[in-house]
Amino acid sequence: MPMVADQSSSTSNLFSLQSHILSEESRHPGASGDFSWIVSAISLAGKAIAHRVRRARLEGALGEEGTSNVQGESQQRMDVIANEILMRCLGSRASIAVLASEEDEEPTILRRGHDGGKYCVLFDPLDGSSTLDTNGAIGTIFTILRNDPLIESAERTVCQPGRQQVAAGYILYGPSTAFVITTGSGVDLFELDPFVGSFIRVKQGLRIPPRKKVYSVNEAYSSSFPLGYREYLEWAHHSGYSSRYIGSLVADVHRILISGGVFLYPPTLTHPDGKLRLLYEANPMAMIVEQAGGASISGAVATLDVQPTKLHQRVPLVLGSRDEVDEVSRRL
Ligand code: AHM
Ligand code: MG
């Protein structure tokens with residue numbers, strides 16, 4: 001059986017995601033264990049989605065579902081399957097009050113009032129799914145928020161600035177299945193060992209290199225970017241930069257988390273507010289990147305300080321290595 005060493009420790013003990021979260025939770029006196037139940041549901045969903053993604057072509061599950069989501073974007077069959085898997089895994093957890101998905105117009109209220117759950121979980125079930133037909137890397141993005149039982153409206157409950165996230169993470173379905181999570185004290189990386197059936201910790205306290213001359217943007221839209229973004233690209237073209245763009249946010253962010261660089265999705269003609277969704281795409285990624293020593297901005301402010309007004313709100317997004325984000329931000 002292949003063994004994976006925890007690179008950050010002097011011993012080579014195997015540490016699963018489950019034991020990692022339990023040990024994190026044990027550092028908080030009085031912790032109920034509710035949080036680790038939620039992470040275990042997300043990890044179960046991740047394993048199930050990874051399995052379905054791997055077999056999608058064999059099972060004829062690629063291509064469009066023939067429906068549109070609330071954003072008017074056509075849904076892939078695998079979007080619908082991944083959404084169902086997450087709903088089924090999370091729906092039974094007693095500590096969850098509200099679930100909200102990119103694929104669903106309205107949040108799902110599981111429990112109300114003071115006896116309801118402590119947490120809300122928001123997710124993009126299968127980000128970048130349009131690249132799946134060509135065997136591209138895709139991912140699930142999630143965030144965990146505290147529930148406020150005094151707020152009646154589920155949409156208002158989840159409209160919290162990113163700074164209030166309890167935890168955030170993503171699962172990348174690539175050549176391997178990676179699980180990245182932060183609970184607000186650094187970023188940890190796990191890889192699915194398919195022989196063991198567990199996510200095994202491979203890196204604790206990930207840090208983004210502060211500089212790397214690589215930008216990641218859909219440059220085909222650049223003629224409609226606001227001036228500051230165009231000036232940045234013009235400057236980068238003459239400053240020895242290279243370009244990498246997968247068109248799948250989880251895959252682009254994962255590369256930047258490991259090797260540095262900057263990701264940009266500015267306002268465009270077709271998406272004047274930016275394309276990426278604040279609550280379940282930009283905020284979780286911004287928390288991960290900040291926790292790894294990088295930065296994330298949406299226009300002139302830190303992404304995590306944007307006050308959301310609606311569930312499916314979009315924002316412009318620039319994130320990655322601290323110095324590279326600074327180079328963009330001082331031109332905006
Ligand atoms: P999706 O949630 O519908 O998959 O859209 C989000 C994706 C991101 O993964 C990616 O960064 C972006 O859309 C790519 O957009 P574009 O094709 O316009 O460059
Ligand atoms: Mg998405």
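No experiment lies behind these values; they were computed from the predicted model shown.

**Student:** Looking at this structure, I do not really get the coordination of the magnesium ion (ligand 2). What am I missing?
**Tutor:** Six octahedral donors at a metal ideally form angles of 90 or 180 degrees, and four tetrahedral donors ideally form angles of 109.5 degrees. Every protein donor of the magnesium ion (ligand 2) is accounted for by Glu 102 (OE), Asp 124 (OD), Asp 127 (OD) and Glu 281 (OE), and the metal-donor separations fall at 1.8 to 2.7 Å. Mapped onto the sequence, the donors of the magnesium ion (ligand 2) take the spacing E-x21-D-x2-D-x153-E.

**Student:** Just checking my understanding: could you explain the site of ligand 1 for this structure?
**Tutor:** Ligand 1 sits among 18 residues. The nearest are Asp 127, Asn 218, Tyr 245, Leu 249 and Tyr 265. At 2.7 Å from an oxygen atom of ligand 1 is found a main-chain nitrogen or oxygen belonging to Leu 249. For ligand 1, the accessible surface in isolation is 470 Å², of which the surrounding protein chains cover 86%. Where the shell around ligand 1 is concerned, the elements lending two or more residues are strand 5 (119-127), strand 13 (262-265) and strand 14 (276-277). No fewer than three residues from each of domain 1 (7-203) and domain 2 (214-329) sit in the shell around ligand 1.

**Student:** What exactly am I supposed to notice about helix 7 (residues 278-291) here?
**Tutor:** Owing to its 3.6 residues per turn, the α-helix brings residues three or four apart onto one side. Burial analysis of helix 7 places 12 of its 14 residues in the buried class, which makes it a mostly covered element. Three or more residues of helix 7 are buried, namely Leu 278, Leu 279, Tyr 280, Glu 281, Ala 282, Asn 283, Pro 284, Met 285, Ala 286, Met 287, Ile 288 and Val 289. Just downstream of helix 7, Gly 293 is the residue with a positive phi angle, here 95 degrees.

**Student:** Looking at this structure, how should I read the packing of helix 2 (residues 34-54) against helix 3 (residues 77-90)?
**Tutor:** Where helix 2 meets helix 3, the axes come as close as 9 Å, and the angle between the chain directions of the two elements is 150 degrees. As the angle between them shows, helix 2 and helix 3 are arranged roughly antiparallel. Crossing of helix 2 over helix 3 shows right-handed handedness. Every residue of helix 3 that contacts helix 2 at Ile 38, Ala 41, Ile 42, Leu 44, Ala 45, Ala 48, Ile 49, Arg 52 and Val 53 is listed here: Met 78, Ile 81, Ala 82, Ile 85, Leu 86, Cys 89 and Leu 90.

**Student:** Even after reading the chapter, I still don't get the sheet that holds strand 12 (residues 242-243), so can you show me in this structure?
**Tutor:** Sheet strands line up and pair through hydrogen bonds in the backbone, either parallel or antiparallel. The sheet built from six strands is open, its strands ordered 12-11-13-18-15-16 with mixed pairing. A single partner strand is all that each edge strand has here, and the edge strands are strand 12 and strand 16 (301-302). Both strand 13 and strand 18 (residues 317-320) contribute to a ladder of four bridges, which runs antiparallel. Each residue of the ladder has a partner; that of Phe 263, found in strand 18, is Leu 319. On top of the sheet, helix 8 (residues 322-329) reaches strand 13, strand 15 (295-298) and strand 18; it is set at about 150 degrees to strand 18, its chief contact.

**Student:** Is there a simple way to think about the domain arrangement of the protein chain in this case?
**Tutor:** In many analyses, interface size is given as the accessible surface area lost on bringing the parts together. Along its sequence, the protein chain is organised into domain 1 (7-203) and domain 2 (214-329). At the junction of the two partners, domain 1 supplies 46 residues and domain 2 supplies 34 residues. For the pair domain 1 and domain 2, the summed buried surface comes to about 2,900 Å²; carbon and sulfur atoms form 62% of the total. Note that Glu 102 is salt-bridged to Arg 277, the shortest N-O span being 3.4 Å. Run the count over domain 1 and domain 2 and you get 15 residue pairs in polar contact (both at pLDDT 80 or more). At the level of secondary structure, the elements contributing two or more residues to the side of domain 1 that touches domain 2 comprise strand 3 (96-101), strand 5, strand 6 (138-146), helix 4 (154-158), strand 7 (167-173), strand 8 (177-182) and strand 9 (187-193). Ranked by residues supplied to the side of domain 1 that touches domain 2, first place goes to strand 7 with six residues.

**Student:** Any chance you could explain the packing of aromatic side chains here in plain terms?
**Tutor:** Here a ring pair, both rings aromatic, is described through the centre-centre distance and the interplanar angle of the planes. Throughout the structure, instances matching the rule amount to 10 aromatic pairs. Here Tyr 232 and Tyr 241 contribute two aromatic rings whose centre-to-centre distance is 6.4 Å and whose plane-to-plane angle is 80 degrees, an arrangement assigned as edge-to-face. In this structure, Tyr 232 and Tyr 241 share a single accessibility class: buried. A network of ring pairs unites the aromatic residues Tyr 215, Tyr 232, Trp 235 and Tyr 241 as a single cluster. If you follow Arg 201 out to its NZ or CZ, it ends over the ring of Phe 15, 4.2 Å from the centre. For the cation-ring pair, Arg 331 lies above Trp 235, with the distance from its terminal atom to the ring centre recorded as 4.6 Å.

**Student:** Explain the sheet that holds strand 4 (residues 108-109) here, please?
**Tutor:** Read from one edge of the open sheet, eight strands run 4-3-5-6-7-8-9-10, paired in mixed fashion. At either end of the open sheet lies a strand with only one pairing partner, and these are strand 4 and strand 10 (198-203). Two strands pair when backbone bridges link them, and strand 3 and strand 4 are joined in this way by two bridges, in the antiparallel orientation. Its bridge partner lying in strand 4, Leu 99 is registered against Thr 108.

**Student:** How should the pairing of strand 15 be read in this particular structure?
**Tutor:** Moving residue by residue along a regular strand, the side chains alternate between the two faces of the sheet. Side chains Ala 295 and Ile 297 of strand 15 all project onto a buried face; the interleaved residues Ser 296 and Ser 298 project onto the opposite face, where all are buried too. Alignment of strand 15 against strand 18, held across three bridges, turns out to be antiparallel. Its bridge partner lying in strand 18, Ile 297 is registered against Val 318. Where strand 15 folds back on strand 16, the antiparallel hairpin that results is connected by two residues, among which Gly 299 adopts a positive phi of roughly 70 degrees.

**Student:** What is the right way to look at the pattern of salt bridges in this model?
**Tutor:** Two side chains carrying opposite charge are able to pair once their charged atoms lie near each other. In the structure shown here, the tally under the stated rule is 14 salt bridges. The salt bridge partner of Arg 163 is Glu 290, with a shortest N-O separation of 2.9 Å. Taken together, the residues Arg 163 in the loop between helix 4 and strand 7 and Glu 290 in helix 7 connect sequence positions 127 residues apart. For Glu 290, a relative accessible area of 28% corresponds to the partly exposed category. Notably, a salt bridge pairs Arg 330 with Glu 327, separated by 2.7 Å at the nearest N-O pair. Through salt bridges with shared partners, one network takes in Arg 211, Arg 322, Asp 323, Glu 324, Glu 327, Arg 330 and Arg 331.

Reading the values: rules and limits
Residues numbered from 1 in each chain as written. Chains lettered and ligands numbered in written order. Predicted model: local features only at pLDDT ≥ 70, side-chain atom pairs only at ≥ 80, totals over all residues. Heavy atoms only, no water. Donors = N, O, S within 2.8 Å, 3.2 Å for Na, K, Ca; no water. Near = heavy atom within 4 Å. Polar contact = N/O pair within 3.5 Å; in protein donor to acceptor, adjacent residues only side chain to side chain. Areas by Shrake-Rupley, 256 points an atom, 1.4 Å probe, with all protein chains shown as cover. Helix = DSSP H or I, 4+ residues; strand = E, 2+ residues; numbered from the N terminus. Domains from an automatic or database assignment. Buried < 20%, exposed > 50% of the residue type's maximum accessible area, 1.4 Å probe, protein only. Axes fitted to C-alpha atoms, helices over the stretch in contact; angles between N-to-C directions. Parallel < 35°, antiparallel > 145°, perpendicular 65-115°, else oblique. Left-handed = near helix turned anticlockwise from the far one by under 90°. Contact = heavy atoms within 4.5 Å. Pairing = 2+ DSSP bridges. Buried area = accessible area lost by both parts, 1.4 Å probe. Salt bridge = Lys/Arg side-chain N within 4 Å of Asp/Glu carboxyl O. Phe/Tyr/Trp six-rings, centres within 6.5 Å; stacked < 30°, edge-to-face > 60°. Lys NZ or Arg CZ within 6 Å of the ring centre and 35° of its normal.

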